[in-house]
Amino acid sequence: MHNRYLEINRRRKRFSGTDIRQATTLSDLQHLAQKQLPNFVYEYIAGGADDEITLRHNLDVFSKQRFSPYTLRDVSHPDTRITLFGKQAELPLAIAPTGLAGLFWPDGDMRLAEGAALAGVPMTQSTVSMSSIADVAAVPGLRHWFQLYCYGTPDIYSRLIARAQECGSETLVVTTDLPVTGNRSWDRKNYSSPKNLSLRSKLDMLLHPTWGLRMLRNRKRPNFVNLLEFLEPGKQTLQDVAHWINQHKNPGLSWKDIEYIRTLWPGKLVVKGILRPEDALIARDKGVDGIVVTNHGGRQLDQVVSPLEVLPAIRQAVQQDLTIFIDSGIRRGSDIAIALALGADAVLSGRATLYGLSAAGTAGVTQALSILRRELETTLALNGLNNVSELSPDILVPVR
Ligand SMILES: Cc1cc2nc3c(=O)[nH]c(=O)nc-3n(C[C@H](O)[C@H](O)[C@H](O)COP(=O)(O)O)c2cc1C
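Quantities reported herein were computed from a predicted structural model and do not represent experimental measurements.

## Side note on the pattern of salt bridges
Item 1. Taken as a whole and assessed by the stated rule, the structure comprises 16 salt bridges.
Item 2. The closest approach of N and O atoms between Arg315 and Asp345, which form a salt bridge, is 2.6 Å. Residue Arg315 is found in helix α13 (residues 307-318), and its partner Asp345 is found in the loop between α14 (333-341) and β13 (346-349); the two are separated by 30 residues along the sequence.
Item 3. Judged by relative accessible area, which is 11%, Arg315 ranks as buried.
Item 4. Connected through salt bridges with shared partners, the residues Lys87, Arg143 and Glu170 form a single ionic network.

Right, here's the structure in full:
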């Protein structure tokens, strides 16, 4: 496990208790997730593409920043709230879209949604979620955002857009950095063929009975339920849908699709997959409301720049015309502070909340978000700041 935070030695032990509220870092939650999940599931969450240079770099860029704090300022009222697309969010954060969450915990998307609603932040449901859009969007108090993979032709993906609208989704997030799937070779090693787990993976499941029993007790067989309508009745197993997805990947996706989607979607529209100022400017000119500066958490192109490195140039290019989110590597509240100081309006939480989910369902998501919140408040106070809006580049000194 790559861990830049904790020097584990004989005296310092990782958290391994059962009361999730005692877990004090995201690293604790990651450790619990790794213990509970079979290897093929953990690998799917934690792994990256090719040599995982990007995966590691995403964490390293945050650790290369140093704070330059003010002192003797009254910091008794730390305030982490922001206005996000016209509504208050308790943290400058939304939960990132992550597929297959139903394998990490039964009805994982529902649990992520409950955790998000309790913490007062939006949650983005993936196209390859294992819960229905209607069920997740109906979680009380949730600000529901829907992430679109533009599978197939516009007449196919526009049906998903229509469903998200019917279910009351507030924001549509269109992912653009997966024209083809990244080369996740570690992940592939867990399968004997694209559709079948290897014998070793099957045996490994037996070594994780808590996870297995939890999944069995749920009775529902995990599937990509939002895509079933595109398949013939009787040919709708998880493998059938995975095959359909492979056949309907859309390497021809272009800015024309974004123009078309803009005509269909009346709510807030976000493009997820921007790493260049030029592309941010095109997005703005196509009428989108926000962008996610991301490298997909190191799961797509390896040796690509990290979002944090290109963020200042992108902010400089678009000024205040777009809401800018960044993700990839957020594991501490201080990472959120750094992202905001360098020009982001908010971050997306991918693996951070998935580790909480995998460790303890809704309670784990809640714990992940409260750890991030506490750490962000502490970072603000120790920098002599009261409010996330006071974060600016002036608070940071980069180290080489
Ligand atoms: C297990 C997993 C599944 C993901 N599935 C999707 C997805 O379905 N759609 C999408 O746009 N991004 C997906 N992503 C990328 C995340 O939205 C986000 O960009 C990434 O997790 C950020 O990196 P971080 O996890 O290091 O914070 C996934 C990421 C993970 C870890």
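Next comes the rest of the account.
## So, unusual backbone geometry
Item 1. Not every positive phi belongs to a glycine, and Leu100 is a case in point at roughly 65°.
Item 2. Following the sequence through the fold, Leu100 ends up in the loop between β4 (93-95) and α4 (108-119).
Item 3. Judged by relative accessible area, Leu100 falls into the buried class, the value being 17%.

## Details of the site of the ligand
Item 1. Looking at the ligand, there are 23 residues lining it, with Pro97, Ser126, Thr175, Asp327 and Arg351 nearest.
Item 2. One nitrogen or oxygen atom from the side chain of Ser126 is found 2.7 Å from an oxygen atom belonging to the ligand.
Item 3. In the environment of the ligand, an oxygen atom lies 2.7 Å from a nitrogen or oxygen atom belonging to the side chain of Thr175.
Item 4. Relative to its unbound accessible surface of 600 Å², the ligand loses 99% to contact with the protein.
Item 5. Those elements giving two or more residues to the shell around the ligand turn out to be α2 (39-46) and α15 (351-382).
Item 6. Tallied by class, residues from the shell around the ligand come to seven nonpolar, eleven polar and five charged.

## Some points on the UniProt feature "domain: FMN hydroxy acid dehydrogenase" (unreviewed entry) in the protein
Item 1. Within this structure's numbering, the places UniProt gives as "domain: FMN hydroxy acid dehydrogenase" (unreviewed entry) are residues 18-400.
Item 2. Annotated as 43% helix and 14% strand, the span residues 18-400 places its first and last C-alpha atoms 40 Å apart.

## Topic: helix α11 (residues 255-264)
Item 1. Every buried residue of α11 is accounted for by Asp257, Ile258, Ile261 and Arg262. End-on view of α11: buried residues confined to an arc of 145°, all on one side of the axis. Of the exposed residues in α11, the ones pointing more than 90 degrees away from its buried face are Lys256 and Thr263.
Item 2. Packing partners of the buried residues in α11 comprise β6 (144-148), α6 (154-166), β7 (171-175) and β10 (268-274).

## So, the packing of helix α12 (residues 277-285) against α13
Item 1. At a minimum axis distance of 9 Å, the contact between α12 and α13 shows a crossing angle of 35°. Our pair here, α12 against α13, has a crossing hand that is right-handed. Facing α12, whose interface residues are Pro277, Ala280, Leu281 and Arg284, α13 presents Ala313, Ile314, Ala317 and Val318.

## What to know about the packing of α14 against α15
Item 1. Packing of α14 against α15 brings their axes to within 7 Å, and their N-to-C directions diverge by 60°. Here α14 lies oblique to α15, going by the angle between them. Classified by chirality, the crossing of α15 by α14 is right-handed. On α15, the residues that touch Gly333, Ser334, Ile336 and Ala337 of α14 are Leu372, Glu375, Leu376 and Thr379.
Item 2. Of the residues assigned to the contact of α14 with α15, the class counts are four nonpolar, three polar and one charged.

## Some thoughts on empty space enclosed by the protein
Item 1. The tally for this structure, following the rule as stated, stands at one cavity of 30 Å³ or more.
Item 2. Considered as a void within the structure, the largest cavity measures approximately 40 Å³ in volume.
Item 3. Lining of the largest cavity is provided by Glu43, Tyr44, Gly47, Gly48, Arg184, Trp186, Asp187 and Arg299.
Item 4. Where the lining of the largest cavity is concerned, the elements lending two or more residues are α2 and α7 (185-188).
Item 5. When its residues are assigned to classes, the lining of the largest cavity shows two nonpolar, two polar and four charged.

## Overview of helix α3 (residues 53-63)
Item 1. Listing the buried residues of α3 in full gives Thr54, Leu55, Asn58, Leu59, Val61 and Phe62. Take α3 and look down its axis: the buried residues cluster within an arc of 155°, on one side only.
Item 2. At its buried positions, α3 is contacted by α2, β1 (65-67), α13, β12 (323-326), α14 and α15.

## Side note on a nonpolar patch on the surface
Item 1. Among the surface-exposed residues, Leu199, Leu203 and Leu206 lie close enough to one another that they form a single nonpolar patch of about 350 Å² accessible area.
Item 2. Here Leu203 is to be found in helix α8 (residues 199-206).
Item 3. Note on Leu203: relative accessible area 48%, which makes it partly exposed.

## Description of the nonpolar core
Item 1. If you look at the biggest cluster of nonpolar residues, it comprises 123 residues, and the most contacted ones within it are Leu148, Leu227, Ile291 and Ile326.
Item 2. The element contributing the most residues to this core is α15, with 13 residues.
Item 3. Setting aside chain neighbours within four positions, we find Ile326 in contact with Phe62, Val293, Pro307, Leu308, Leu311, Ala339, Ala344, Ala346, Val347 and Leu348.

## Some thoughts on the side chain of Ser198
Item 1. Mapped onto the elements, Ser198 comes out in the loop between β9 (196-197) and α8.
Item 2. Those residues within four positions of Ser198 in sequence are excluded, and the remaining contacts are Lys189, Asn190, Tyr191 and Ser192.

Each value, and the rule that gives it
Per-chain numbering applies: the sequence of each chain, read as written, is numbered from 1 onward. pLDDT decides what is reported in this predicted model: residues at 70 or higher carry local features, side-chain atom pairs at 80 or more are listed and counted, and totals for whole chains, interfaces and linings draw on all residues regardless. Side-chain numbers here rest on the full set of heavy atoms in the structure, without hydrogens or water. Throughout this description, the term salt bridge denotes a Lys or Arg side-chain nitrogen within 4 Å of a carboxyl oxygen of Asp or Glu. Secondary structure elements are defined from DSSP: runs of H or I of at least 4 residues count as helices, runs of E of at least 2 residues count as strands, and each element is numbered from the N terminus. A simple rule labels every residue: compare its accessible area, found with a 1.4 Å probe on the protein chains alone, to the largest value its type can have, and call it buried under 20%, exposed over 50%, or partly exposed in between. Near residues are defined by distance, with any heavy atom within 4 Å of the molecule or strand qualifying the residue. N or O atoms within 3.5 Å of each other form a polar contact, as long as, within protein, one can give a hydrogen and the other can take it, and as long as residues adjacent in sequence are counted only when both atoms are side-chain atoms. Per-residue and other accessible areas were derived by the Shrake-Rupley procedure at a 1.4 Å probe size, with only the shown protein chains allowed to occlude residues. Following the grouping adopted for this structure description, the nonpolar residues are Ala, Val, Leu, Ile, Met, Phe, Trp, Tyr, Cys and Pro, the charged ones are Asp, Glu, Lys and Arg, and the polar ones are all others, Gly among them. UniProt positions are given in the numbering used here, feature names are shortened, and annotations may be inferred rather than shown by experiment. Read the arc as the range of directions from the helix axis to the C-beta atoms. Two residues form a contact once any of their heavy atoms are found within 4.5 Å. Helix axes are fitted to C-alpha atoms over the stretch in contact, other axes to C-alpha atoms as well, and angles between N-to-C directions run from 0 to 180 degrees. For a crossing to be left-handed, the near helix must be turned anticlockwise from the far one by less than a right angle; the clockwise case is right-handed. Angle categories are assigned with fixed cut-offs, so that under 35 degrees is roughly parallel, over 145 is roughly antiparallel, 65 to 115 is roughly perpendicular, and the rest are oblique. Of the grid points, spaced at 1 Å and generated over the protein atoms alone, those admitting a 1.4 Å probe that cannot get out make up cavities, while open sets with protein on both sides within 12 Å along at least five of seven lines make up pockets; any residue with an atom within 4 Å of a point is treated as lining. Grid points are joined across faces, edges and corners, and a volume is the space filled by probe spheres set on the points. Like charges within 9 Å and nonpolar side chains (Val, Leu, Ile, Met, Phe, Trp, Tyr) within 5 Å are joined into patches, using only residues over 30% in relative accessible area that form no salt bridge. Put simply, a nonpolar core is a bunch of buried Ala, Val, Leu, Ile, Met, Phe, Trp, Tyr and Cys residues held in one set by side-chain atoms that sit within 4.5 Å of each other.

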